[in-house]
Amino acid sequence: LRDNRIQLERSTPNELTISISDVVLSDEGEYTCSIFTMPVRTAKALVTVLGIPQKPQIFGHEQPIDEEKIARLTCRSSGSKPAAQLRWKKGNKELKDEGTEVVEDPNGKTFTVSSRVEFRVTKEDNEAEVTCTVDHESLQNSERSTTQKLQVHYKPTAKIEPHPQYPREGEKLQLQCDGQGNPIPQEFLWEKEGSDVPLQLSSDSVLIFPFLNKSDSGTYVCTATSSMGSVVAKYNLDVSGKIGPSKARTCSSERSVGQAAASAAQQSPQHLLLSVFSPFAVWADASPVPSTSSTYHAVIGGVVAVIVFLLLSLLIVLGHYLIRHKGTYLTHEAKGSDDAPDADTAIINAEGGQASSDDKKEYFI
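Rules and cut-offs
- Residues numbered from 1 in each chain as written.
- Predicted model: local features only at pLDDT ≥ 70, side-chain atom pairs only at ≥ 80, totals over all residues.
- Heavy atoms only, no water.
- Helix = DSSP H or I, 4+ residues; strand = E, 2+ residues; numbered from the N terminus.
- Buried < 20%, exposed > 50% of the residue type's maximum accessible area, 1.4 Å probe, protein only.
- Contact = heavy atoms within 4.5 Å.
- Areas by Shrake-Rupley, 256 points an atom, 1.4 Å probe, with all protein chains shown as cover.
- Disulfide = S-S within 2.5 Å.
- Pairing = 2+ DSSP bridges.
- Phe/Tyr/Trp six-rings, centres within 6.5 Å; stacked < 30°, edge-to-face > 60°.
- Axes fitted to C-alpha atoms, helices over the stretch in contact; angles between N-to-C directions.

**Q** What exactly am I supposed to notice about the overall build of the protein chain here?
**A** Counting its secondary structure elements, the protein chain contains four helices and 22 strands. Going through the 365 residues of the protein chain one by one, you find that 28% of them count as buried. For the protein chain, the share of sequence-separated contacts (at least 6 apart) that also reach a separation of at least 24 residues comes to 57%. Working note: accessible area of the protein chain is about 24,400 Å², and carbon and sulfur atoms make up 54% of it.

Written as structure tokens, this is what we have:
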């Protein structure tokens, strides 16, 4: 045997067996076995060599794909004989190809197979895995595949996070403009509504207030910008000395109670009653998030209102009593003086009347 890969395994008068190692495509062909007897007997065998397909390659994913654009990917595998089959998956979902192309390799024996897929991408497809798998009878139930991750560019999103969450007057506050997207926003513009001058324009997403005061209250706007566009986020800052998201409204309610109590002292009792009790409904509505401080102020306000109400009620009763007891009292001590011609006679008549009368009676009108 001229080829060292071919070895004689068995030789008997009735049987001749050979083996071929490291089979290559050129080993394919017709093999003839001859037994030199009289007459000579021959037998032929056709050997077919399968071409094992190479690992597939995916093209078209090298550059990021913009959101809502069409992704066009190509999978290619060479060296298969007969031609292999290719199939696609995105995540766990099968993708239907747009067509398959089979081209004969330069050796004239194997084939290169190409398959194409097209689909519209969304932001959810960012980092999604796309897999191309080659199926061939030479693989004997095993798979040969390639996986690539998609890179999708999409518009940014942003939200503003305060640190601390409930800022108070005199404290330090940081507003963090959290920008997300692909690519991530690299420019942040801070503005305050009602102001014509921007507060900050830089790659820093944090706006810092070293020492808060009530003049800092207002609506702050963060504009986050990337190569895919810009997005706006807003935050309503309400600086107050109280804890909780409804700080300003709670303080406003407290001022209403004080103003009502002060103005009620100058008004009629009926008007005072309405002025004292109506703010409590405003207090309850203005403090949707209960806190120890708001409860404490509510109790104090209630006690003060009750005391004021009791004092005013007492004043009303006393005034009514004095009005009812105001009048003229008439006695009989000067009886007879009305008909006297002069003062001396009136005195004599009065004294006489007094002496003759044992009891004096008073009449209340």
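After that view, the rundown keeps rolling.
**Q** Any chance you could explain the environment of K172 here in plain terms?
**A** By the secondary structure assignment, K172 is in the loop between β14 (152-163) and β15 (173-182). Along the chain, K172 and P210 lie 38 residues apart, while their C-alpha atoms are 4.7 Å from each other. When near neighbours in sequence (up to four residues on either side) are disregarded, K172 contacts H163, P164, I208, F209 and P210.

**Q** Just checking my understanding: could you explain the state of the cysteines for this structure?
**A** A covalent bond between the sulfur atoms of two cysteines is referred to as a disulfide. Inspection of every chain in the model, using the stated rule, returns two disulfides. Two residues share a disulfide in this structure: C75 and C132, whose sulfurs sit 1.8 Å from each other. The sign of the S-S torsion, about -85°, decides the handedness of the disulfide formed by C75 and C132: left-handed. A residue pair is termed long-range when its members are at least 10 positions apart, and C75 in strand β7 (residues 70-80) and C132 in strand β12 (residues 129-135) qualify at 57 residues. Residue classification places C75 among the buried positions, given a relative accessible area of 0%. With relative accessibility at 0%, the residue C132 sits in the buried group. Each disulfide of the protein chain joins two cysteines, and with those cysteines numbered along the sequence the arrangement is 1-2, 3-4.

**Q** Could you clarify how one ought to interpret the sheet that holds β15 in this entry?
**A** To summarise the sheet geometry, strands pair through backbone hydrogen bonds and adopt either a parallel or an antiparallel arrangement. Taken together, the four strands give an open sheet; going across it, the order is β6-β14-β15-β18, and neighbouring strands pair in mixed fashion. One side of each edge strand has no neighbouring strand; the edge strands of this open sheet are β6 (65-66) and β18 (206-209). Here β14 pairs with β15 via eight bridges, running antiparallel. The partner of K159 across the bridge, within β15, is D178.

**Q** I keep staring at the packing of aromatic side chains and nothing clicks. Help me out?
**A** Describing an aromatic ring pair means giving the distance of the ring centres and the angle of the ring planes. According to the stated counting rule, one finds one aromatic pair in the structure shown. With a centroid separation of 5.3 Å and 85° between ring planes, the pair formed by F209 and Y220 is classed as edge-to-face. Residue F209 is located in strand β18, and its partner Y220 is located in strand β19 (residues 218-226); the two are separated by 11 residues in the primary sequence. The burial state of F209 is the same as that of Y220; both residues are buried.

**Q** Please clarify how the pairing of strand β4 (residues 41-47) should be interpreted in this entry.
**A** Looking along a regular strand, one sees the side chains alternate between the two faces of the sheet. Of all seven residues in β4, zero are buried, a share of ten percent or less. Note: strand β3 (residues 29-35) against β4, seven bridges, orientation antiparallel. Looking at β4, one finds that I35 is bridged to R41. Taken together, β3 and the strand that follows it, β4, pair antiparallel across an intervening segment of five residues.

**Q** Mind showing me how you'd approach the sheet that holds β12 here?
**A** Pairing is antiparallel across the open sheet formed by four strands, whose spatial order is β9-β8-β12-β13. The sheet is open, and its two edges are formed by β9 (93-95) and β13 (144-149), each paired on a single side. Averaged over all pairs of adjacent strands, the angle between their axes in this sheet comes to 25°, without regard to strand direction. Where strand β8 (residues 85-90) meets β9, three bridges bridge the pair, whose relative direction is antiparallel. Opposite W88, over in β9, you have L95 as the bridge partner.

Coordinates in, geometry out; function isn't part of it.
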